[in-house]
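So you can see what is in the structure, the chains are spelled out below.
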Amino acid sequence: MVNYMNNMNKIGVLFICLGNICRSPTAEGVFRKLVQDAGLDVKINIDSAGTSQYHIGVAPDARATAYAAERGYDLAQLRARQVSRNDFYKFEYILAMDELNLLDLQLLQPEDSSAIISLILDYKSDTIGSETQVPDPYFGGEQGFNHVLNLLEDASENLLSQLRAKHQLNR
Ligand code: 4NP
């Protein structure tokens, strides 16, 4: 059967951090695998971007790539980009890693964009702790990357469950 679906018909999910080299590419990798394993990649378009220009065109941080690979997530092909005005029309869900990203996105959002901007940890389980923001692991130790993965795996599961319910995604 010919698949006529393109990105315009898909539900758009965009993950945002500051540099697009640590947290948001990790979120993209985690969520992409979850969606692929569920057979829903034809229905959900996933991407990530940064609010800054710092690392445009650069591959994810080597530590982020290595820790993600240990859990079966492939970040190697990703390249950093900066969020653009067009993203606010292309993606229905824009998920910020921290409060500063959220504020930057709210300031950038065009008035006629109906994208829903929120913190990714709004989707986390109660059991995983009380953090509301994904901490930036860039200047910290290696354990920070595993912590980011733990938070994002949990939030991604709940995000996908909510998208399934809201958009009646049965596959
Ligand atoms: P990210 O981490 O926002 O999770 O990609 C950072 C990467 C780079 C910088 C800060 C945070 N930086 O200042 O260059």
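Given the structure is predicted, the values throughout are model-derived calculations rather than measurements.

Following the sequence through the fold, Q53 ends up in the loop between β2 (44-50) and α2 (62-70). On the basis of relative accessibility, which here comes to 57%, the residue Q53 falls in the exposed class. Along the backbone, Q53 and G19 are 34 residues apart, and their C-alpha atoms lie at a distance of 7.3 Å.

On to α2, then. Residues of α2 that are buried: A64, Y67 and A68. The arc enclosing the buried residues of α2, seen along the axis, measures out at 100°, which places them on a common side. Counted as exposed and oriented over 90 degrees from the buried face of α2: A62 and E70. Next to the buried residues of α2 lie α1 (23-37) and α5 (143-167). Where α2 begins, the capping side chain belongs to D61, and its oxygen is found 2.8 Å from the backbone nitrogen of R63. Just past α2, the residue G72 takes up positive phi, approximately 90°.

Reading the values: rules and limits
Residues numbered from 1 in each chain as written. Predicted model: local features only at pLDDT ≥ 70, side-chain atom pairs only at ≥ 80, totals over all residues. Heavy atoms only, no water. Helix = DSSP H or I, 4+ residues; strand = E, 2+ residues; numbered from the N terminus. Buried < 20%, exposed > 50% of the residue type's maximum accessible area, 1.4 Å probe, protein only. Arc of directions from axis to C-beta. Contact = heavy atoms within 4.5 Å. Polar contact = N/O pair within 3.5 Å; in protein donor to acceptor, adjacent residues only side chain to side chain.

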